[in-house]
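# Structure at a glance
The residues making up each chain are set out below.
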Amino acid sequence: MRTINTSAPVLVTGGNGYIASWLIKMLLEDGHTVHTTVRDPRNMTKVEHLTKMAANAPGTLKIFKADLLTEGAFDEAMQGCELVMHTASPFIVSGFKDANEALVRPAKEGTRNVLEAANRVFAVKRVVLTSSVAAIYGDAKDMQNIPRGYFSEEDWNTSSSTDHQPYSYSKVIAEKEAWTICRAQDRWDMVVINPSMVYGPSLSKSSGSTSISTMVNMGDGTMKLGVPKLTLGVVDVRDVALAHVKAGFTPEASGRHIVSATEISFLEMGRMLEARYGDAYPFPKRELPKFLVWLMAPKSGVSRGFVHKNVGYPVKFDNSVSREKLGLAYRPIEQTITDHFEQLIEDRVV
Ligand code: NAP
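First, a word on scope: everything that follows refers to the structure included in this document.

## Some words on the packing of helix H6 (residues 210-219) against helix H12 (residues 333-346)
Relative orientation of the contacting elements H6 and H12 amounts to 80°, with a least axis distance of 10 Å. Between H6 and H12, the interaxial angle falls into the category roughly perpendicular. Across the interface between the two elements, Ser211, Ile212, Met215, Val216 and Gly219 from H6 touch Ile337, His340, Phe341 and Leu344 from H12. By residue class, the composition of the contact of H6 with H12 is six nonpolar, three polar and no charged.

Here it is in structure tokens:
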């Protein structure tokens with residue numbers, strides 16, 4: 001149980017990110033002083049939206065430079081902060097050569113680096129960690145081994161590795177590392193947010209998040225011949241940001257929180273967009289047979305192992321802890337999907 005002084009600065013790592021940008025907006029609108037870290041504060045395409053937000057909100061923003069892999073890089077930004085929100089971590093699922101260097105090392109060593117800074121900065125009372133449902137399960141097939149028929153905060157991903165689902169592996173080992181460091185001391189506590197696939201309008205124009213690339217692919221023709229029969233948990237980026245704020249300032253908040261509004265397939269997402277935009281964009285209209293998806297997997301940037309253990313398997317998540325303990329009320333997913341696509345149109349991305 002920790003009460004956070006609302007006039008102390010709040011640190012958000014990776015401030016230019018898709019989720020972090022919404023989180024910073026909410027904190028600034030609530031009047032907080034926000035310290036944020038980015039890798040390159042001089043890169044205007046990455047920070048311009050943040051400085052504009054600060055200019056139009058009652059709160060104050062201070063931007064610091066920090067790389068996850070530079071030891072001690074977060075100490076300066078953390079000075080005076082009672083609350084630290086650690087969101088920075090790569091969210092890419094393809095397009096890299098070395099999974100360990102691209103994903104696992106920044107996630108695990110970066111988390112250790114941020115939390116060791118929290119151990120050195122005496123002001124820190126609480127850390128909110130952006131984990132993922134990827135730390136709860138690895139493949140959709142894993143749900144067959146869960147007798148209750150849905151994933152909950154009790155579950156841990158045991159099936160991912162550097163070679164199979166490396167992003168999911170990066171999230172589970174980073175969260176485990178965080179709990180180990182947290183439990184070795186008692187000055188600060190930790191609240192973990194485990195979002196499912198996040199969609200909704202992006203404030204950041206530079207994010208390389210898979211959330212944004214998959215939504216772009218819905219309307220740029222990549223999926224016009226069809227989509228794999230894949231079901232995912234999905235949630236609005238604005239609800240994820242709010243979950244972080246509530247996790248930070250609710251004194252009795254503790255433990256893990258699945259933050260997921262519902263489950264839908266890629267085809268259902270396509271149908272939601274078609275209902276709104278008709279044939280104006282080449283939305284997916286059918287699901288492809290699994291053998292074809294398996295055959296085309298290497299060309300599509302996913303492994304055949306991923307297809308084997310995910311295509312055709314349902315997933316389901318229990319979001320009751322986030323609703324009851326954080327008071328979250330989830331937006332309807334149609335609104336999330338169409339608001340996101342509308343933003344891509346407005347920003348001429350599709
Ligand atoms: P994003 O827009 O790509 O944000 C990732 C952030 O991490 C960026 O600010 C990026 O900075 C930073 N980062 C990456 N490598 C770094 C390094 N070596 N040093 C410093 N910063 C580094 O992705 P996002 O979707 O907002 O994801 C944010 C967090 O939410 C991640 O922890 C992700 O695992 C988690 N999450 C996301 C989803 C989702 O569906 N989007 C779902 C569950 C959990 P640069 O711009 O400099 O690269």
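## Details of the pattern of salt bridges
Counting across every chain of the model gives 18 salt bridges. Across the pair Arg238 and Asp339 runs a salt bridge, and its minimum N-O distance is 3.0 Å. Pair noted here: Arg238 is in helix H7 (residues 237-249) and Asp339 is in helix H12, with a separation of 101 residues, a long-range link. Take Asp339: its relative accessible area is 23%, and that puts it in the partly exposed class. The network of salt bridges with common partners includes Glu101, Arg105 and Glu109.

## Here's the deal with the pairing of strand E8 (residues 231-236)
Summarising burial for E8: five of the six residues are buried, a large majority. Running through H6, the crossover from strand E7 (residues 197-199) to the neighbouring parallel element E8 is right-handed.

## A few points about the packing of aromatic side chains
Tallied over the entire structure, the rule returns 10 aromatic pairs. Pairing Tyr281 with Phe341 gives two aromatic rings, centres 5.1 Å apart and planes at 80°, and the pair type is edge-to-face. With Tyr281 in the loop between helix H8 (266-277) and helix H9 (290-300) and Phe341 in helix H12, the pair connects residues that are 60 residues apart, well separated along the chain. Judged by its relative accessible area of 18%, Tyr281 falls in the buried class. The residue whose ring lies beneath Arg256 is Trp156, and the NZ or CZ to ring-centre distance is 3.5 Å. One residue, Arg304, lies across the ring of Trp294, its end atom 4.4 Å from the ring centre.

Parameters and conventions
Residues numbered from 1 in each chain as written. Predicted model: local features only at pLDDT ≥ 70, side-chain atom pairs only at ≥ 80, totals over all residues. Heavy atoms only, no water. Axes fitted to C-alpha atoms, helices over the stretch in contact; angles between N-to-C directions. Helix = DSSP H or I, 4+ residues; strand = E, 2+ residues; numbered from the N terminus. Parallel < 35°, antiparallel > 145°, perpendicular 65-115°, else oblique. Contact = heavy atoms within 4.5 Å. Nonpolar A, V, L, I, M, F, W, Y, C, P; charged D, E, K, R; others polar. Salt bridge = Lys/Arg side-chain N within 4 Å of Asp/Glu carboxyl O. Buried < 20%, exposed > 50% of the residue type's maximum accessible area, 1.4 Å probe, protein only. Right-handed = clockwise from strand over helix to strand, strands pointing away. Phe/Tyr/Trp six-rings, centres within 6.5 Å; stacked < 30°, edge-to-face > 60°. Lys NZ or Arg CZ within 6 Å of the ring centre and 35° of its normal.

That is the geometry; function is a separate question.
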